[in-house]
Amino acid sequence: MAARADRSAVGERAAALRAAQAALAAEHAAVYGYGVVGGRIGDDRLAEAREGYAAHRARRDGLARTVRDLGGRPTSAAPAYALPFAVPDAPAAVRLAAELENRVAAVYADLVRASTGSLRRQAAGALREAAVRAVRWRGGGVAFPGLTEHATPATQSASPSGGSDGV
């Protein structure tokens, strides 16, 4: 019985580590993406873009510590990320910011599902923050933020992975 419990705990820890690494990778991509948003956004929403950028940097740094605490080596940022669409102007920058938040929410939903205790609470808080930022950028909410299987057809492409290097 004890051996089974030990294997179960190891499996749960491994699942939490995989989910934390995925969230870290998404945060790296969000930081990159917010750099693009900040370069294209209008002055009226620049402060909001800076807040999102700072929030994702802080989450990224916290997740790197979490991954180390779980016994892993934090995923490094890629030198660049493929954007999901061209961002030539401020309206496209707003759409990109909403898309980034949708993708981050999706990986935090996975981390909530894979973790327990304080890590689960932190992931739920990050999911909530991403959902709120997405609503602000998009101008409206979704019924189940972070759960792409419950998203409307227009947002189903907001897959958290976006390929191995997609934003």
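In what follows, the structure referred to is the one given above.
Given the structure is predicted, the values throughout are model-derived calculations rather than measurements.

Rules and cut-offs
Residues numbered from 1 in each chain as written. Predicted model: local features only at pLDDT ≥ 70, side-chain atom pairs only at ≥ 80, totals over all residues. Heavy atoms only, no water. Helix = DSSP H or I, 4+ residues; strand = E, 2+ residues; numbered from the N terminus. Buried < 20%, exposed > 50% of the residue type's maximum accessible area, 1.4 Å probe, protein only. Contact = heavy atoms within 4.5 Å. Areas by Shrake-Rupley, 256 points an atom, 1.4 Å probe, with all protein chains shown as cover. Polar contact = N/O pair within 3.5 Å; in protein donor to acceptor, adjacent residues only side chain to side chain. Salt bridge = Lys/Arg side-chain N within 4 Å of Asp/Glu carboxyl O. Core = buried A, V, L, I, M, F, W, Y, C linked by side-chain atoms within 4.5 Å. Phe/Tyr/Trp six-rings, centres within 6.5 Å; stacked < 30°, edge-to-face > 60°.

**Examining the overall build of the protein**
- In terms of regular secondary structure, the protein is built from four helices and zero strands.
- For the protein, the N- to C-terminal ordering of α and β elements is α-α-α-α.
- Burial status across the protein gives 41% buried among its 167 residues.
- Of the contacts formed within the protein by residues at least 6 apart in sequence, a portion of 78% connects residues at least 24 apart.
- Element-wise, carbon and sulfur atoms account for 54% of the exposed surface of the protein, whose accessible area totals about 8900 Å².

**Describing the side chain of Glu 101**
- Position of Glu 101 among the secondary structure elements: in helix H3 (residues 90-114).
- There is a polar contact of 2.9 Å between the side chain of Glu 101 and the side chain of Arg 133.
- Once residues within four sequence positions are removed from consideration, Glu 101 is found in contact with Tyr 34, His 56, Ala 130, Arg 133, Ala 134 and Trp 137.

**Details of the pattern of salt bridges**
- Inspection of the entire model under this criterion finds six salt bridges.
- The residue Arg 45 makes a salt bridge to Glu 48 at a minimum N-O spacing of 2.9 Å.
- The residue Arg 113 makes a salt bridge to Asp 110 at a minimum N-O spacing of 2.2 Å. Placement of the pair is Arg 113 and Asp 110 together in helix H3, with a separation of three residues, close to one helical turn.
- Among the residues examined, Asp 110 registers a relative accessible area of 31% and is labelled partly exposed.

**Here's the deal with the environment of Glu 99**
- Mapped onto the elements, Glu 99 comes out in helix H3.
- Exposure remark for Glu 99: the relative accessible area of 11% places this residue in the buried category.
- Between the alpha carbons of Glu 99 and Pro 84 there is a distance of 8.5 Å; along the sequence they are 15 residues apart.

**Considering the nonpolar core**
- Within the largest apolar cluster, 23 residues are counted, with the highest numbers of intra-cluster contacts made by Ala 23, Leu 63, Leu 70, Val 104, Tyr 108 and Leu 111.
- Of all the elements, helix H1 (residues 2-40) adds the most residues to this core, at eight residues.
- Ignoring anything within four residues of it in the chain, the contact list for Ala 23 reads Leu 63, Val 107, Tyr 108 and Leu 111.

**Concerning the packing of aromatic side chains**
- By the definition in use, this model includes two aromatic pairs.
- Consider the rings of Tyr 32 and Tyr 81, whose centres lie 5.4 Å apart with planes at 55°: the pair is tilted. Placement of Tyr 32 in helix H1 and of Tyr 81 in the loop between helix H2 (46-69) and H3 is noted, with a sequence separation of 49 residues between them.
- Look at Tyr 32 and you get partly exposed, because its relative accessible area is 30%.
- Relative to Trp 137, the ring of Tyr 34 has its centre 6.4 Å away and its plane inclined at 55°; by these criteria the two rings are tilted. Of this pair, Tyr 34 sits in helix H1 while Trp 137 sits in helix H4 (residues 117-138), and the two are 103 residues apart along the sequence. The burial state of Tyr 34 is the same as that of Trp 137; both residues are buried.

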